[in-house]
Protein chains: 2
Amino acid sequence: MSCLSEADQDRILAAVDEAFETQIAFLSDLVRCVSLRGQEADVQSRVEAALLERGYDVSRQTIDPTLIGRHPAFSPATVSYENSWNVIAVQNPAITEGRSLILNAHVDIVPTGDPKRWQDPPFEATRDDDWLYGRGSGDMKAGLSAAIFALDAIRAAGLELTAPVQIHSVVEEEITGNGAAMAVASGLTADVVLIPEPTDEKLVRANSGVIKFAITLHGTPAHPREVSGGVSAIEAAMRLIEHLRQLEARWNEEGAIQPFFHNVENPAALTIGTINGGEWIASVPSCCRFEGRIGFYPGDDPHERVRELEAFVARIAVDDPLIQRCPAPIVEWVGVVHAGYTLAPGSDAEGILAEAHAAAHAPNGPALNSYVMACYLDAAVYAVHAGIPSLVYGPIAENIHAIDERVSLASLRRVTKTIALFAATWCGVRSVADASHLPASHHD
Amino acid sequence: MSCLSEADQDRILAAVDEAFETQIAFLSDLVRCVSLRGQEADVQSRVEAALLERGYDVSRQTIDPTLIGRHPAFSPATVSYENSWNVIAVQNPAITEGRSLILNAHVDIVPTGDPKRWQDPPFEATRDDDWLYGRGSGDMKAGLSAAIFALDAIRAAGLELTAPVQIHSVVEEEITGNGAAMAVASGLTADVVLIPEPTDEKLVRANSGVIKFAITLHGTPAHPREVSGGVSAIEAAMRLIEHLRQLEARWNEEGAIQPFFHNVENPAALTIGTINGGEWIASVPSCCRFEGRIGFYPGDDPHERVRELEAFVARIAVDDPLIQRCPAPIVEWVGVVHAGYTLAPGSDAEGILAEAHAAAHAPNGPALNSYVMACYLDAAVYAVHAGIPSLVYGPIAENIHAIDERVSLASLRRVTKTIALFAATWCGVRSVADASHLPASHHD
């Protein structure tokens, strides 16, 4: 570690260990908040209180809907943001010498599916040996706790950062990315952003651009006794989904010549997330709507991909013998419409992260590996629209967006240490005599 | 017409004509009642009042849920019947000489689909030249008005029936048939039942048995970045629906050797009426449920068809490479599970109906034609479980279960006349001096 003494490093690592049970308790509190879309206010209030207690300059940042359509970082939105706001915490040093840092994490979660399919209720934050269970435990409340407690550890080690640091606790990552977009559009910036998404302690080298659509088909309703007089909107939707698999295949094929993506299985990954059609068991259904997402490659213009998908649907609407009997399918954009990004190999930030990772895994840890994540990440907003190098690196988690989501606590401990060492090295540290502004629980 | 004098016949036909605008007003009132499933109380109250006003012995008949599963006329039900009750009107003559008659009609309607797709709002009962528009106008509030006003016309002609007549204004035809089942299970019977469903002034020779199912698939939810680790419940449902088309084809093929069904296009008619799956746009969906119906032939045991469909689904669940990765599909029976029926050609009832039909169309009307209706009809309940010959014969209607449902008023007038002449001939009539018990509106 270039600029961090061995003694400082050891004190930081020890401080992470010392506060780790407190960190798990904090994480468990976050998991117990049901921060589904539109319901993030409770968890954000807790995050805000925790950051105020630590002495940060804390503000609530509401998403300004008038920026949507005007600022390119924003994606279309279909909901009110009245109760959805970012928490922005800033810590400016007395003396600025190093490089500034943003630690970003999102607090919004996706639905649980049938809670009965979970081994424990999804919002109880059940701890079982090395695992903490719960919706959002891995994706990504663990990462948020790592960001907060990593900075705590630096102070508990008697050090303070010598560059500005910000914590962006954002909303909307799971649907539009408009939480991160608001942070960027408001002018917040830094020399690097680190986002502890659940990456199995690997670094994200690139991610895919993603567009999220809703497509509505209208059929011709009819009585079952005269099926041939009707056109089933559900059947038309099923056919259109089948056709869209061709588009997925074509976009997947493009991956073969993309840097970093040639070994990714199914990089475009068309997924149909919801479908709702019909209103009566014994009528030929008049309407069917499905929602989904599809991915593409860094450097691709997402709006060009939007046009490509719309043109594909329009062509199918003419060519398919069933769908041509329906009014034109209605394509709506109801979530993220965003480019992917690539983290150029060989950056100073990556080198420092690799050293921190090694130190946190000492004595015999694995080297820092990188991989491609074929999904949307808020990192893309910082990388594409603010030109900030974006490191996505976080703990081992399983079953995100699935049943029995869980995060490894041993991994979370290592990741917290890695982030602490990364921040200390990237921003620089100096000794402080007095650490009494830390909350009491950190002196237990 | 065997036992009806030409003078009586003319008086009955004239009485239908005279009250026809009143009948249209009554029908329009019925159409304005939004009698969707569970919301039939309003329309039934109006029917009850109209029948009380006419001097019938009227009672409300609640469906007894404890009979479901015990009495074979009943189908599975999934809703409360608290606000859904039949109206039963009985008129017993002073002297019984002829044969008794039940006139049955259902008041429940199916949803409208998007009302904006209707040329006029679906519950305004808009009249445009020969057509009365509205959900339920054809299926089958027009038929109910025909039954009531046909009997009115007989009395207005100075006649009274010489056999018992009942009007069964029932609920639940569109989903379970349990309204008619309750009427039959309560012991109500007659020598014939006539049901003025919208049949384009033709007689139903046979109908199909029908079973209505809901099938739930559970998948393995996953994040789009690891699609291969998940199993999409929506995709599994789409595949199962495709497989079920094979079952439909097989059951359709059986029609070739069925009396009356060999010329019916798609007699089994698998229709998928609703589908609902997934809960998040960017997750591999964990659950998908669809509802539908499929038909078969008179004489088939519906419970055997239930077992056949369940066995088919169970085999697919083993054989299909995607569905075999899901828990076993859950098949539920959520609507009618009922046999079809055949009206044996050559009955006296059919002969009398044909003569009444000809007289109502005189001088140059078409002969009474018969056809197969490949859907569930309440007539099957009377035919199968009470052994009552069932005549299904009613007006010309278009777009039932569809957009812009409408009934032909000229046809409704003819059908009302046909029913009146049929009832007078079937039950027999005698002159009465005093018709003052009819409501005032019939003397306008």
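Owing to the predicted nature of the structure, the values given are computational and were not obtained by experimental measurement.

Draft legend 1. Broad picture of the relation of the copies chain B and chain A. It takes a turn of 180° to lay chain B on chain A, together with a shift of 0.0 Å along the axis; the resulting RMSD is 0.1 Å. Taken together, the rotation and translation relating the two chain copies correspond to the operation of a two-fold axis. The rotation axis passes nearest to the C-alpha of B:Asn276 in chain B, at a distance of 2.2 Å. Taken as a fraction of all interface residues of chain B, those also at the interface in chain A reach 100%, which identifies the copy contact as same-surface.

Draft legend 2. Up close: the domain arrangement of chain A. All names here are of chain A. Taken as a whole, chain A is organised into domain 1 (6-207 + 340-443) and domain 2 (209-338). Distance between the C-alpha centres of domain 1 and domain 2: 34 Å. Carbon and sulfur atoms supply 64% of the area buried between domain 1 and domain 2, which totals about 1,500 Å² over both sides. Taken together, the links from domain 1 to domain 2 amount to 0 salt bridges. Linking domain 1 with domain 2 are 6 residue pairs in polar contact (both at pLDDT 80 or more). The element contributing the most residues to the side of domain 1 that touches domain 2 is helix 9 (residues 379-386), with 4 residues. Among the residues making up the side of domain 1 that touches domain 2, the classes are represented as 13 nonpolar, 8 polar and 2 charged.

Draft legend 3. Representation of the sheet that holds strand 13 (residues 330-338) of chain A within the structure. One open sheet accounts for 8 strands, arranged 13(A)-10(A)-12(A)-11(A)-11(B)-12(B)-10(B)-13(B); its pairing is antiparallel. Edge positions in the sheet fall to strand 13 of chain A together with strand 13 (330-338) of chain B, since each has one partner strand and no second. In this sheet, neighbouring strand axes are inclined to one another by 20° on average, regardless of whether the strands run parallel or antiparallel. Direction of pairing for strand 11 (residues 271-277) of chain A relative to strand 11 (residues 271-277) of chain B: antiparallel, over a ladder of 3 bridges.

Draft legend 4. Local environment of unusual backbone geometry. Omega for the peptide link from B:Asp139 to B:Met140 comes to -10°, which places this bond in the cis form. Residue position: B:Met140 is located in helix 4 (residues 137-156). Of note, the bond from B:Ala362 into B:Pro363 is cis; its omega dihedral lies within 30 degrees of zero at 5°. Considering the arrangement of structural elements, one finds B:Pro363 in the loop between helix 8 (348-360) and strand 15 (370-373). With phi around 60°, A:Asp200 is a residue other than glycine that occupies positive phi space. Checked against the element boundaries, A:Asp200 lands in the loop between strand 8 (192-195) and strand 9 (203-207).

Draft legend 5. Focus on the layout of surface pockets. Volume-wise, the largest pocket comes out at about 430 Å³. Lining the largest pocket we find 27 residues, and of these A:Val227, A:Ser228, A:Gly230, A:Glu235 and B:Asn266 sit closest to its centre. Counting residues per element, the ones that place at least two in the lining of the largest pocket are helix 6 (233-254) of chain A together with helix 6 (233-254) and strand 11 of chain B. For the lining of the largest pocket, the class distribution of residues is 14 nonpolar, 5 polar and 8 charged. Taken as a whole, the second largest pocket spans an internal volume of roughly 330 Å³. Together, 19 residues line the second largest pocket, and A:Tyr371, A:Val372, B:Arg225, B:Glu226 and B:Val227 are the ones closest to its centre. Broken down by element, the lining of the second largest pocket gets its largest block of residues, 3 residues, from strand 15 (residues 370-373) of chain A. Class assignment for the residues of the lining of the second largest pocket results in 10 nonpolar, 3 polar and 6 charged.

Draft legend 6. Geometry of helix 7 (residues 302-319) of chain B. All names here are of chain B. For helix 7, which comprises 18 residues, the first-to-last C-alpha distance of 26 Å matches the rise-based estimate of 26 Å (1.5 Å per residue) to within 8%. Within helix 7, burial applies to Pro302, Arg305, Val306, Leu309, Phe312, Val313, Ile316 and Ala317. Buried positions in helix 7, seen along its axis, are confined to an arc of 140° and lie on one side of it. Tucked into the core, helix 7 has its buried residues touching strand 10 (209-218), helix 6, strand 12 (287-296) and strand 13.

Draft legend 7. Structural view of the pairing of strand 9 (residues 203-207) of chain B. Residue and element names in this part refer to chain B. With 5 of 5 residues buried, strand 9 lies mostly within the body of the structure. Relative to strand 15, strand 9 runs parallel, the two being bridged by 4 bridges. By the bridge assignment for strand 15, Asn207 is matched with Met373. Bridge count for strand 9 against strand 14 (residues 341-342) is 2 bridges, and the pairing is antiparallel.

Scoring rules and cut-offs
Residues numbered from 1 in each chain as written. Chains lettered and ligands numbered in written order. Predicted model: local features only at pLDDT ≥ 70, side-chain atom pairs only at ≥ 80, totals over all residues. Heavy atoms only, no water. Least-squares fit on C-alpha atoms with pLDDT ≥ 70 in both. Contact = heavy atoms within 4.5 Å. Domains from an automatic or database assignment. Buried area = accessible area lost by both parts, 1.4 Å probe. Salt bridge = Lys/Arg side-chain N within 4 Å of Asp/Glu carboxyl O. Polar contact = N/O pair within 3.5 Å; in protein donor to acceptor, adjacent residues only side chain to side chain. Helix = DSSP H or I, 4+ residues; strand = E, 2+ residues; numbered from the N terminus. Nonpolar A, V, L, I, M, F, W, Y, C, P; charged D, E, K, R; others polar. Pairing = 2+ DSSP bridges. Axes fitted to C-alpha atoms, helices over the stretch in contact; angles between N-to-C directions. 1 Å grid on protein atoms, 1.4 Å probe; cavity = no way out; pocket = protein on both sides within 12 Å on 5 of 7 lines; lining within 4 Å. Points joined across faces, edges and corners; volume = space filled by probe spheres on them. Expected span 1.5 Å × (residues − 1). Buried < 20%, exposed > 50% of the residue type's maximum accessible area, 1.4 Å probe, protein only. Arc of directions from axis to C-beta.

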